[in-house]
Amino acid sequence: MSGLTRCLGSSIGRKGLMGITGILLSLFLIAHLIGNLLVFAGQDAVNHYAHALKANAALLWFMRGGLFLVFATHVYLALSLTAENRRARPVKYVQEHTQVASLASRTMVLTGLLVLAYLIFHLLHLTKGVIGHEAWSSKLPDGSQDVYTMVVLGFKSPILSGVYLVSMALLYLHLSHGLKSFWQSLGWNHPVYRPLFEKIGTGLAAILVIGFASIPLTILLGVIQLPGGGN
Amino acid sequence: MKLTLHIWRQKDAQDKGGMVRYEVDGVSEHSSFLEMLDVLNDGLIEKGQDPVAFDSDCREGICGMCSLVINGRPHGPWTATTVCQLHMRAYRDGDTIYIEPWRAKSFPVLKDLIVDRSSFDRIQQAGGYVSVNTGNAVDANCLPIGKPAADQAFDAAHCIGCGACVAACKNASAMLFVSAKVGQFAVLPQGQTERKERVLSMVEQMDKEGFGNCTNQYECEAACPKEISADFMRMMNLDYFKSSATTS
Ligand code: HEM
Ligand code: FES
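This is a predicted model, so every value here is computed, not measured.

A. Focus on the domain arrangement of chain B. Residue and element names in this part refer to chain B. According to the domain assignment, chain B contains domain 1 (3-110) and domain 2 (117-131 + 145-247). On the side of domain 2, 20 residues touch domain 1, which itself brings 20 residues to the contact. Of the roughly 1,400 Å² buried at the junction of domain 1 and domain 2 (both faces included), carbon and sulfur atoms supply 60%. Where domain 1 packs against domain 2, one counts 1 salt bridge. Among the salt bridges present, the one from arginine 117 reaches aspartate 55, with a minimum N-O distance of 3.3 Å. Our count for the domain 1 to domain 2 interface comes out at 9 residue pairs in polar contact (both at pLDDT 80 or more). Classifying every residue of the side of domain 1 that touches domain 2 gives 10 nonpolar, 7 polar and 3 charged.

B. Up close: the interface of chain A and chain B. Counting residues at the interface gives 44 residues for chain A, matched by 48 residues for chain B. Contact between chain A and chain B buries roughly 3,900 Å² in total, counting both sides, with carbon and sulfur atoms accounting for 51%. Of all residues in chain A, the largest losses of buried area upon contact with chain B belong to Ile12, Tyr93 and Gln184 of chain A, amounting jointly to 18% of the total for that side. In this structure, the connection of chain A to chain B is made through 2 salt bridges. Close ionic contact of arginine 6 of chain A with glutamate 204 of chain B constitutes a salt bridge, the shortest N to O distance being 2.9 Å. Counting across the interface, chain A meets chain B through 31 residue pairs in polar contact (both at pLDDT 80 or more). At the level of elements, helix 1 (3-9), helix 2 (11-36), helix 4 (57-87), helix 5 (103-106) and helix 9 (158-185) of chain A are the ones that each hand at least two residues to the side of chain A that touches chain B.

C. Geometry of the site of ligand 1. The immediate surroundings of ligand 1 are formed by 25 residues, with Lys15, His74, His174, Ser181 and Ser185 of chain A found nearest. Ligand 1 sits at a junction of chains, with neighbouring residues supplied by chains A and B. Measuring from a nitrogen atom of ligand 1, one finds a side-chain N or O atom of histidine 174 of chain A at 2.8 Å. The separation between an oxygen atom of ligand 1 and a polar side-chain atom of serine 181 of chain A is 2.5 Å. Among the elements of the structure, helix 2, helix 4, helix 6 (108-127) and helix 9 of chain A are those that each provide at least two residues to the shell around ligand 1. Ranked by the residues each element gives to the shell around ligand 1, the list is headed by helix 9 of chain A, at 8 residues. Of the residues belonging to the shell around ligand 1, the class tally is 13 nonpolar, 11 polar and 1 charged.

D. Just the pairing of strand 1 (residues 3-9) of chain B, in detail. Residue and element names in this part refer to chain B. Counting buried positions along strand 1 yields 7 of 7 residues, so the element is predominantly enclosed. Across the two faces of strand 1 the burial is the same, with Leu3, Leu5, Ile7 and Arg9 and Thr4, His6 and Trp8 all buried. Bridge count between strand 1 and strand 2 (residues 18-24): 7 bridges; the pairing is antiparallel. Residue pairing across strands places leucine 3 opposite valine 24, the latter belonging to strand 2. Here 4 bridges tie strand 1 to strand 5 (residues 96-100), and the two strands are oriented parallel to one another. In the sheet register, leucine 5 faces strand 5, and the bridge partner there is isoleucine 97.

E. Representation of the packing of aromatic side chains within the structure. Taken as a whole, this structure holds 13 aromatic pairs over all chains when the rule is applied. Between phenylalanine 182 of chain A and tryptophan 188 of chain A the ring centres are 6.3 Å apart and the planes differ by 90 degrees, which places this aromatic pair in the edge-to-face class. A ring pair is formed by tryptophan 183 of chain A and tryptophan 188 of chain A, whose centres lie 6.3 Å apart and whose planes are at 65 degrees; its orientation type is edge-to-face. Taken together, the ring pairs connect Phe182, Trp183, Trp188, Tyr193 and Phe197 of chain A into an aromatic cluster. One Lys or Arg, arginine 194 of chain A, reaches over the ring of tyrosine 218 of chain B and ends 4.9 Å from the middle of that ring.

F. Representation of the coordination of the iron atom of ligand 1 in the model. All names here are of chain A. In the first shell of the iron atom of ligand 1, the protein supplies His74 (NE2) and His174 (NE2), at 2.0 to 2.1 Å from the metal. Viewed at the metal, the 6 donor atoms of the iron atom of ligand 1 are separated by angles of 87 to 180 degrees, and the geometry they form is octahedral. With histidine 74 in helix 4 and histidine 174 in helix 9, this pair connects stretches of sequence that are 100 residues apart. Each member of the pair histidine 74 and histidine 174 is classed as buried.

G. How the structure looks around the nonpolar core. Residues and elements named next belong to chain B. Grouped together as the largest cluster of nonpolar side chains are 79 residues, with contacts concentrated most on Val166 and Val178. When residues of this core are assigned to domains, at least three fall in each of domain 1 (3-110) and domain 2 (117-131 + 145-247). The residues contacting valine 178, other than those within four sequence positions of it, are Ile123, Met202, Met206 and Met236.

H. The pattern of salt bridges, seen in detail. Residue and element names in this part refer to chain B. Throughout the structure, instances matching the rule amount to 15 salt bridges over all chains. Note that aspartate 38 and arginine 59 form a salt bridge whose closest N and O atoms lie 2.8 Å from each other. Here arginine 59 lies in the loop between helix 1 (33-46) and strand 3 (69-70) and aspartate 38 lies in helix 1, a separation of 21 residues in the sequence. Using a relative accessible area of 29% as the deciding quantity, one classes arginine 59 as partly exposed. Counted as one network, the salt bridges with shared partners bring together Arg9, Asp50, Lys111 and Asp112.

Reading guide: rules and limits
Residues numbered from 1 in each chain as written. Chains lettered and ligands numbered in written order. Predicted model: local features only at pLDDT ≥ 70, side-chain atom pairs only at ≥ 80, totals over all residues. Heavy atoms only, no water. Domains from an automatic or database assignment. Contact = heavy atoms within 4.5 Å. Buried area = accessible area lost by both parts, 1.4 Å probe. Salt bridge = Lys/Arg side-chain N within 4 Å of Asp/Glu carboxyl O. Polar contact = N/O pair within 3.5 Å; in protein donor to acceptor, adjacent residues only side chain to side chain. Nonpolar A, V, L, I, M, F, W, Y, C, P; charged D, E, K, R; others polar. Helix = DSSP H or I, 4+ residues; strand = E, 2+ residues; numbered from the N terminus. Near = heavy atom within 4 Å. Buried < 20%, exposed > 50% of the residue type's maximum accessible area, 1.4 Å probe, protein only. Pairing = 2+ DSSP bridges. Phe/Tyr/Trp six-rings, centres within 6.5 Å; stacked < 30°, edge-to-face > 60°. Lys NZ or Arg CZ within 6 Å of the ring centre and 35° of its normal. Donors = N, O, S within 2.8 Å, 3.2 Å for Na, K, Ca; no water. Tetrahedral: all angles 85-135°; square planar, octahedral: opposite > 155°, others 65-115°. Core = buried A, V, L, I, M, F, W, Y, C linked by side-chain atoms within 4.5 Å.

The following block contains the structure:
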């Protein structure tokens, strides 16, 4: 058995891969957030960015394919490792007691699955336009999609914005444990760096989630408005 | 003092088992937790009933035999204390106490509160040793080992293999135990020859035994009567990756 296959079959190896896929997903989130924040730079900035992304179809599909693989691996490992963990304790304690494990760490599969459900909703909403079709169909004078108007119109709905805000809270729970946890899974969590790494983890989780949430929030509050300032 | 106990009773490995309620009276706060159970058992024997089976040996916190989950905490409420070293002054008159065995598929219950921990022995046998004939004890400092390495090995060697880490882990993972047994040799010169095979084989055996997977919650570290650090798990993870990458 080669070292790599042995490693990928083991508990430690699969936990490590969980960590690596978690990091890759988080890196995607960082890039995605930077793109999204262009909403604050105005209609032209977002539309240029969106059209530039779409213009390079090969790159776009390569990224989508890669992301899908990473995501599928993360979810597959999450479900199989969790199933093994449940089997490892067939009889539960009558008195269950928790000393140090955070709420976030105890609800990773739940928050993960809810984030997955949110992701499907998000794709149906802003990528496919199945939800909120009218806003999605907003066009610029040249006939191309007006992403800025789509976003602002979409998030004016308190229900839609609400779904996003609740999902971001769930994502925060997931990342607040996940971004502290992977350092240990990968063996990088040396006591000298551990406090720093834990701060980076929680800090990054907070920045990501506050950043994403700022868009529906500012639109709901009327800080970001439709082109021409209309409501 | 007078106590209400809810104790897991199970006739044998096949029995389904369940919690049974007992009252004990006249417990001295100076007695140990296990002595309190001895008092309960004396009463049961007098009444012609089957005494509660539980493990213990040294009763001084070094052998790792005692293994009770008390109100949901392996080894009870005191930190860095085995249950044999737990005293009844931790409790008040009228308290209700739940006593359960270690819960893990890899630690099947044999009777009442006694579990079979031979899965730990098999993990040890898979590589938790150094295969050189060490002969007699050599003169001190004959083999130069730095103080930090000596301290680290000694910290890991504190592990008494009781299994509280598995009992406390939400996933019944044995990572803390295995990492201590790997870690006690990992920084010593005697441990280097078999370093790679050791970590690879012990982790393989750990997985085979059906323990769960670590999710970095550190309940194990909090429950460990010998305060084995979760950092040994970090070291074992790294050691495992390096050893996998450089072994065909
Ligand atoms: C935006 C998407 C996601 C990101 C950025 C993300 C990130 C992470 C990170 C960084 C970790 C830590 C890995 C480690 O401990 O080494 C993690 C763990 C985990 N994730 Fe995700 N994840 C995402 C989606 C999901 C989904 C959809 C699920 C579905 C079940 C999921 C379930 C889990 C589970 C069960 C763990 C392991 C928890 C543990 O070890 O304590 N995640 N995730
Ligand atoms: S009986 Fe030996 S450690 Fe408790």
